[in-house]
Amino acid sequence: MPAPKKGARPAKRPARPGGGRRASRGLRPDPVAAPPLPRSGTWSSRFAEPMSERMQRFNASVLFDRRLADADLAGSLAHARMLHATGVLSAADLAAIERGLATIGGEIARGEFAWKLENEDVHFSVERRLTELAGDAGKRLHTARSRNDQVATDVRLWLRGAIDAIASQLVALRHALLDLALRHAATIMPGFTHLQVAQPVTFGHYLMAFDAMFARDLERFADCRRRVNRLPLGSAALAGTGFPIDRMRVARELGFEALAENSIDAVSDRDFAIEFNAAASLVSIHLSRFAEELVLWSTPRFGFVTLADRFCTGSSIMPQKKNPDVPELVRGKSARVIGNLTALLVLMKAQPLAYNKDNQEDKEPLFDTVDTLADTLAIMTELVATGLTPDAERMREAAREGYATATDLADYLVRKGLPFRDAHDAVARAVREAETRGCGLEELPLDALRAFSPLVGDDVYGVLTLEGSVASRDHPGGTAPRQVRRAIAAARRELARHRGGGAGAR
Ligand code: ARG
């Protein structure tokens, strides 16, 4: 009996997408001379038929991962130099690779690089072009390396730059907040709990609450950057390599502060991307909370702030409308960033070790998070710096209408010896009286106030004023204008340390 055939072969091979000859086994055309192969990659000889067009489109990441090109070039350069230093690559090969990579860098920067779907991803695209330019030297670049450690390295390098850019944007936003806060360190507004008027605060103090959030965000990025900034290269596919390599040399050249040591972990780990997106989600949430109040406060009902016209749109049907689109979009964009975090978490949830092609799906969420956050921070900074006008009168009036100094009256009675619970009760009755009369607590005559407690003296009006109330909260973190100015000065000193240092963790 004749031996059964291993798998049915089509009598005629399907036509290659893009036309042209396919390299036959053992007789591969010289890539320098030949037109680009339809099936990318050096593994093509393993296969009996070309990739289907649908598969090519499904598989390719080049249309989005070309953003990693600069990182890919830097990583390749460092890898090649290391291979030369350890004796794997000749001086002539290194020189050819260096020239080729520089040429490619120029082509990409000028928008002349031919990105082709058939080259699958940024790594193959660069390698193939390098081989066109540098011949065999280009083909030697991938010695002791895999796309698995290559892509992990590229994403980390790229993300490190993105973190530094975002950190600078956060610093700029904080400066804008601090400037506005200083101008309004003594501007009275109602502070809210349950969205009900609670106690008077200053607008400056309110803004400094957001500054505190963004300060934590900066800390988080600096912390996350330390774990982003570790080098996977040298892990090769998953097990390391038999070639003599010097991982620390590559790490130093690329500015990594440590190795992503275990080779199996290094090629499969995407914690760093998730951590980054988690930190980014918190920034988005802080921006969204701020935006929510701007939407609310810019309605005529509140009238606390006016947003400059250039940040608003009109209605196509209602001529009177001025819509706060910027804060609404900022609020809405947080959904994307949080969604991207969810996508990355789910992406990793059940992946077996080590690298899986699933990981190619890490890039679009990550890029989208960076882009969304960059846009959001830029416009919010502009809005805070140039487009946000508080209406001090309206804010003050709202604080006055809300009996915001009721707690101050209770504290006054406590200082005169009344137990706090009794003071609370006396003031509650005073508020009802003021409500009946349709006036503020400070407008009740002395004998009316004394009816609720004989401890009330004519010094009571000092504590009932809004200014007196905020000035009395004069401790670190309190709303007294003096403390707000101190907090602003402290924040400025802290920010001075960030200058030029990105997330400041290197
Ligand atoms: N484009 C791939 C990615 O983004 C590169 C790594 C591919 N590695 C592999 N063994 N197929 O993850």
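Residues numbered from 1 in each chain as written. Predicted model: local features only at pLDDT ≥ 70, side-chain atom pairs only at ≥ 80, totals over all residues. Heavy atoms only, no water.

Once that is clear, we can look at the site of the ligand. Taken together, S61, D65, D121, H123, R147, N148, V151, Y355, Q360 and K363 make up all the residues around the ligand. Between the ligand and the protein, one listed contact pairs a nitrogen atom with a side-chain N or O atom of D121 at 3.0 Å. In this structure, a nitrogen atom belonging to the ligand sits 3.4 Å away from a side-chain N or O atom of R147. Examining the composition of the shell around the ligand, we find that three residues originate from one element, helix α7 (residues 147–183), more than from any other. (Near = heavy atom within 4 Å. Polar contact = N/O pair within 3.5 Å; in protein donor to acceptor, adjacent residues only side chain to side chain. Helix = DSSP H or I, 4+ residues; strand = E, 2+ residues; numbered from the N terminus.)

If you trace the backbone, E435 turns up in helix α16 (residues 420–437). Residue classification places E435 among the exposed residues on the basis of a relative accessible area of 53%. Along the chain, E435 and Y403 lie 32 residues apart, while their C-alpha atoms are 9.3 Å from each other. (Buried < 20%, exposed > 50% of the residue type's maximum accessible area, 1.4 Å probe, protein only.)

A separate point is the packing of aromatic side chains. Within this structure, the stated rule accounts for 12 aromatic pairs. Ring centres of Y206 and W297 lie 4.7 Å apart, and the angle between their planes is 40°; on these two criteria the pair is classed as tilted. Remark: W297 occurs in helix α11 (residues 271–297) and Y206 occurs in helix α8 (residues 203–228); sequence separation between them is 91 residues. W297 gets classed as buried once you look at its relative accessible area, which sits at 1%. Ring centres of F210 and F290 lie 4.6 Å apart, and the angle between their planes is 35°; on these two criteria the pair is classed as tilted. Placement of the pair is F210 in helix α8 and F290 in helix α11, with a sequence separation of 80 residues. Both residues of the pair, F210 and F290, belong to the buried class. Here the aromatic cluster, defined as three or more aromatic residues joined through ring pairs, consists of F192, F203, Y206, F210, F290, W297, F302 and F304. Over the face of the ring belonging to F47 we find R46, whose NZ or CZ atom lies 5.7 Å from the ring centre. Sitting over the ring of F367, R67 keeps its end group 4.8 Å from the ring centre. (Phe/Tyr/Trp six-rings, centres within 6.5 Å; stacked < 30°, edge-to-face > 60°. Lys NZ or Arg CZ within 6 Å of the ring centre and 35° of its normal.)

A word on the pattern of salt bridges. Under the criterion given, the structure shown has 34 salt bridges. For E120, the salt bridge is made with K357, and the minimal N-O distance between the two is 3.2 Å. Placement of the pair is E120 in the loop between α4 (91–109) and α5 (122–134) and K357 in the loop between α12 (325–349) and α13 (363–386), with a sequence separation of 237 residues. E433 serves as the salt-bridge partner of R437, at 2.7 Å between the closest nitrogen and oxygen. Separated by four residues within a single helix, R437 and E433 lie in helix α16, roughly one turn from each other. Note on R437: relative accessible area 45%, which makes it partly exposed. The structure contains a network of salt bridges with shared partners spanning E120, D121, R147 and K357. (Salt bridge = Lys/Arg side-chain N within 4 Å of Asp/Glu carboxyl O.)

Once that is clear, we can look at the nonpolar core. Nonpolar side chains in soluble globular proteins tend to end up buried together. Membership of the largest hydrophobic core comes to 102 residues, with the highest contact counts inside it found for L159, F221, F276, L287 and F290. For this core, the element with the most residues is α7, which contributes 17 residues. With 21 residues, the next largest nonpolar core counts A426, A430, C439 and L444 among its residues. (Core = buried A, V, L, I, M, F, W, Y, C linked by side-chain atoms within 4.5 Å.)

Turning our attention to unusual backbone geometry. Cis geometry marks the peptide bond from L353 to A354, where omega comes out at 5°. With respect to the helices and strands, the residue A354 is situated in the loop between α12 and α13. We note that A144 has phi near 65°; this positive angle belongs to a residue other than glycine. Mapped onto the elements of the fold, A144 is located in the loop between α6 (136–140) and α7. Residue classification places A144 among the buried residues on the basis of a relative accessible area of 8%. For H194, which is not glycine, the phi dihedral falls at a positive 55°. With respect to the helices and strands, the residue H194 is situated in the loop between β1 (188–193) and β2 (196–202). Note on H194: relative accessible area 76%, which makes it exposed.

Let us look at the confidence of the model for the chain. Confidence in the prediction for the chain averages 90 pLDDT; 90% of positions are at 70 or higher. This stretch, residues 1–37, has a pLDDT under 50; its non-local contacts, to residues over four places away or in other chains, come to 43 contacts. Low pLDDT, under 50, characterises residues 501–506; the predicted model gives this stretch 18 contacts beyond four residues in sequence or across chains. (pLDDT = per-residue confidence, 0-100. Contact = heavy atoms within 4.5 Å.)

What follows concerns the side chain of T381. Inspection of the secondary structure assignment puts T381 in helix α13. Within polar-contact distance, the side chain of T381 engages the backbone oxygen of L377 at 2.7 Å. The residues touching T381, leaving out its near neighbours within four places in the chain, are Q169, A172, L173 and A176.

Here we take up the pairing of β1. With six bridges connecting them, β1 and β2 associate as antiparallel partners. Bridge pairing in β2 places T193 opposite Q196. Linking β1 back to β2 in an antiparallel pair, the connection comprises two residues, with H194 at a positive phi of about 55°. (Pairing = 2+ DSSP bridges.)

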